[in-house]
Amino acid sequence: MSQAVDTQKVAGVALATDESLTKTFTGQLHAIARWWLDYAQDQGRGGFYGEVGDDNVARADAEKGIVLNTRILWFFSEAAVFTGSDEYRVAADRAYQYLCEYFFDREQGGFYWSLSPAGEIEQSKKQVYAQAFAIYALAAYYELTANADALTLAMDTFALIEANCIDRDAEGYYEAYTREWGKIEDVRLSEKDLNYPKTMNTHLHVLEAYTKLHQVNPDKSVAAALGYGIDLFDKYMIDYDNYHLKMFLDDNWQDHSPGLTYGHDIECSWLLYKALVSLGDQERLARLTPVIIELAKTCQREAIRERGDVVDAYDRASDCYHSARIWWVQAEALVGFLTAYKLSGDESFLSTAKNLWSFIDTYQIDHDRGEWRWHSTLDAPDGSRDYKAGFWKGPYHNGRAMIEAAKLLGG
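As the structure is a prediction and not an experimental result, all values here were calculated from the model.

Caption draft 1: View of the environment of K274. Relative to the helices and strands, K274 is located in helix 8 (residues 262–279). Of the residues examined, K274 reaches a relative accessible area of 26% and is grouped as partly exposed. For the pair K274 and S257, spaced 17 residues apart in sequence, the C-alpha to C-alpha distance is 26 Å. Excluding anything up to four places from it in sequence, K274 contacts T211 and E404.

The structure is reproduced here in structure tokens:
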């Protein structure tokens, strides 16, 4: 890989651009988009299929989830802005129209959790995580199209979260509600999660949604909420004893996490930086930038394996690592290490990112059939989630990684 001699000044660091890697990341972005255009569009019933197998065959009977659909809308909106592709804009239009027609709750506001393949309501609960992704996607679509209705819908959803979902006594955002925004006993995001009222994961995606919303609409209320979200991480979710994140928390912010999740640690590091830059508060930025670098350094020190890959998680009870290589962890780590390089000038972060990309290119990307595998070829597939597209797998993590990495190294 040849490294260009020109540099750019970022955060006081002379960051060398890498033209060959930038082209590689942009090419992979187009490859990801091509797969979704070719295999994931539901031409019979509108929108996108709820699931497409590892063999690229769609499951027409799979339910359609809000997380997948908002991630698709976000991806094609961002990809269209980044590349100027009209084809990606058409795909974004398709995702936006389906979201508004079928997922949007016109009576109670917000977005349903899941639909049948035909577009009928399956689960009507209002998971805050999902509402955040709707804001994230709508803000990106507004940036692409200047569609005022999209911005209005994003701001209305933002207002619903701010009015209904904040713990007014102890701070933070609660996890989930009924369709009518009432209390719900089981607030878990998925069967893998613990049933606690506050989670780092939901707060992280509220933060990223508000970051994008503030970028396209720097309203005072959005700025205040973005600052609030940044401070929540600083006060409650970053463990300053070890520079990991506290995942599952009770009403009073007591930590009940069963272990460590390296993918979320490194994802948080760079998303927190994006939030700080969007807000533009220089005091917060100066104070928290060393924390961001330390989060990345901790992941680099503890989670990198011999092929350059990032281990998924660590469980305290069994004293074991979850060693399977998951696509989203590798994608987020790539951006996290490149961001840490940008902020610190530490060449070890760039080396780590390049080694990780070599792993992704060799073991995670399906070069024969397209897209990234859920697990790397070194890991046994999980039969319940052995798919390229599905309830929890869209073009968001890896597509976003290609856009962000190309920007970080592109000069």
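Caption draft 2: Spotlight on the sheet that holds strand 4 (residues 64–65). An order of 4-5-6 is seen for the three strands of this open sheet, with the pairing classed as antiparallel. Strand pairing shows two members of the sheet lacking a second neighbour, strand 4 and strand 6 (121–123), which therefore form its edges. Two strands pair when backbone bridges link them, and strand 4 and strand 5 (residues 114–115) are joined in this way by two bridges, in the antiparallel orientation. Bridged to G65 within strand 5 is S114.

Caption draft 3: Layout of the pattern of salt bridges. Here the structure, examined in full by the defined rule, presents 31 salt bridges. In this structure, the salt-bridge partner of R59 is D61, at a minimum N-O distance of 3.0 Å. In this structure, the salt-bridge partner of R325 is D379, at a minimum N-O distance of 3.1 Å. Note that R325 is positioned in the loop between strand 15 (320–322) and helix 10 (327–344) and D379 in the loop between helix 11 (347–364) and strand 16 (387–389), a separation of 54 residues in sequence.

Caption draft 4: Just the sheet that holds strand 15, in detail. Strand order in this open sheet of three strands is 13-14-15, and the pairing throughout is antiparallel. This sheet does not close on itself; its edge strands, each paired only once, are strand 13 (259–261) and strand 15. Direction aside, the axes of adjacent strands within the sheet are offset by 20° on average. Direction of pairing for strand 14 (residues 313–315) relative to strand 15: antiparallel, over a ladder of three bridges. Across the sheet, the residue bridging to D315 is C320, located in strand 15. Sheet strands in contact with helix 8 are strand 13, strand 14 and strand 15, and its direction is about 50° off that of strand 13.

Caption draft 5: Spotlight on the packing of helix 2 (residues 66–83) against helix 4 (residues 128–145). The N-to-C vectors of helix 2 and helix 4 enclose an angle of 25°; their axes lie 8 Å apart at closest approach. Between helix 2 and helix 4, the interaxial angle falls into the category roughly parallel. The crossing of helix 2 and helix 4 is left-handed. Of the residues in helix 4, those in contact with I66, V67, T70, R71, L73, W74, S77, E78, A80 and V81 of helix 2 are Y129, A130, F133, A134, Y136, A137, L138, A140, Y141, E143 and L144. Class assignment of the residues belonging to the contact of helix 2 with helix 4 gives a composition of 16 nonpolar, two polar and three charged.

Caption draft 6: Just the packing of helix 9 (residues 282–303) against helix 10, in detail. Close contact between helix 9 and helix 10 brings their axes to 10 Å; oriented N to C, the two are set at 135°. Classified by the angle between their axes, helix 9 and helix 10 sit oblique to one another. Relative to helix 10, helix 9 is oriented so that their crossing is left-handed. Mapping the contact onto sequence places T289, I292, I293, A296, C299 and Q300 in helix 9 and G336, F337, A340, L343 and S344 in helix 10. Here the residues of the contact of helix 9 with helix 10 sort into seven nonpolar, four polar and no charged.

Caption draft 7: Representation of unusual backbone geometry in the model. Notably, E171 is not glycine yet its phi reads approximately 75°, a positive angle. Inspection of the secondary structure assignment puts E171 in the loop between helix 5 (148–164) and strand 8 (176–177). The class for E171 is partly exposed, based on a relative accessible area of 23%.

Caption draft 8: The arrangement of the nonpolar core in detail. F76 and Y210 are the most contacted members of the largest nonpolar core, which totals 141 residues. Those residues within four positions of F76 in sequence are excluded, and the remaining contacts are A33, W36, L37, F48, Y88, A91 and A92.

The rules we used
Residues numbered from 1 in each chain as written. Predicted model: local features only at pLDDT ≥ 70, side-chain atom pairs only at ≥ 80, totals over all residues. Heavy atoms only, no water. Helix = DSSP H or I, 4+ residues; strand = E, 2+ residues; numbered from the N terminus. Buried < 20%, exposed > 50% of the residue type's maximum accessible area, 1.4 Å probe, protein only. Contact = heavy atoms within 4.5 Å. Pairing = 2+ DSSP bridges. Salt bridge = Lys/Arg side-chain N within 4 Å of Asp/Glu carboxyl O. Axes fitted to C-alpha atoms, helices over the stretch in contact; angles between N-to-C directions. Parallel < 35°, antiparallel > 145°, perpendicular 65-115°, else oblique. Left-handed = near helix turned anticlockwise from the far one by under 90°. Nonpolar A, V, L, I, M, F, W, Y, C, P; charged D, E, K, R; others polar. Core = buried A, V, L, I, M, F, W, Y, C linked by side-chain atoms within 4.5 Å.

Spatial relationships are all this shows, so hold off on functional conclusions.
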